[in-house]
Amino acid sequence: MSSHFAIATLVNFRWTGSNALIFLAAMQAVPRELCEAAVLDGANRMPQFFSVTVPLLRPTIIFVVITSTIG
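From a predicted model like this one, the values you see are computed outputs, not experimental measurements. (Residues numbered from 1 in each chain as written. Predicted model: local features only at pLDDT ≥ 70, side-chain atom pairs only at ≥ 80, totals over all residues. Heavy atoms only, no water.)

Participant: Explain the packing of helix α2 (residues 16-28) against helix α4 (residues 45-70) to me, and be specific about the residues and the numbers.
Facilitator: Orientation of α2 relative to α4, taken along the N-to-C sense of each, is 145°, at an axis distance of 10 Å. The crossing of α2 and α4 is right-handed. Across the interface between the two elements, N19, I22, F23, A26 and M27 of α2 pack against F49, L57, T60, I61, F63, V64 and S68 of α4. Here the residues of the contact of α2 with α4 sort into nine nonpolar, three polar and no charged. (Axes fitted to C-alpha atoms, helices over the stretch in contact; angles between N-to-C directions. Helix = DSSP H or I, 4+ residues; strand = E, 2+ residues; numbered from the N terminus. Left-handed = near helix turned anticlockwise from the far one by under 90°. Contact = heavy atoms within 4.5 Å. Nonpolar A, V, L, I, M, F, W, Y, C, P; charged D, E, K, R; others polar.)

Participant: Describe the environment of V39, naming the residues involved and giving the relevant values.
Facilitator: Within the secondary structure layout, V39 lies in helix α3 (residues 32-40). Separated by 37 residues in the primary sequence, V39 and S2 have C-alpha atoms spaced 48 Å apart.

Participant: Account for the environment of F23, naming residues and giving values.
Facilitator: With respect to the helices, strands and loops of the structure, F23 is situated in helix α2. Judged by relative accessible area, F23 falls into the partly exposed class, the value being 26%. The spacing of F23 and A43 is 20 residues in sequence and 23 Å in space, taken between C-alpha atoms. Discounting residues that sit within four places of it in the chain, F23 has contacts with T60, I61 and V64. (Buried < 20%, exposed > 50% of the residue type's maximum accessible area, 1.4 Å probe, protein only.)

No statement about biological role is implied by the geometric values presented.
Set out below in structure tokens:
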């Protein structure tokens, strides 16, 4: 039973570095103007992340989920 857990862990972390680079590139592509506009509207860091950044990352999230499922 512990061998199944070890194999599942290895499979899950196999693409972690690649997915992290994809998310890093996507987060760097978020326009700073939108973040600045959210700050001017009074948004803190968390509302700014969930209201501006996450919706812009939605296509990347879908891509990573699909490629991870296929892999």
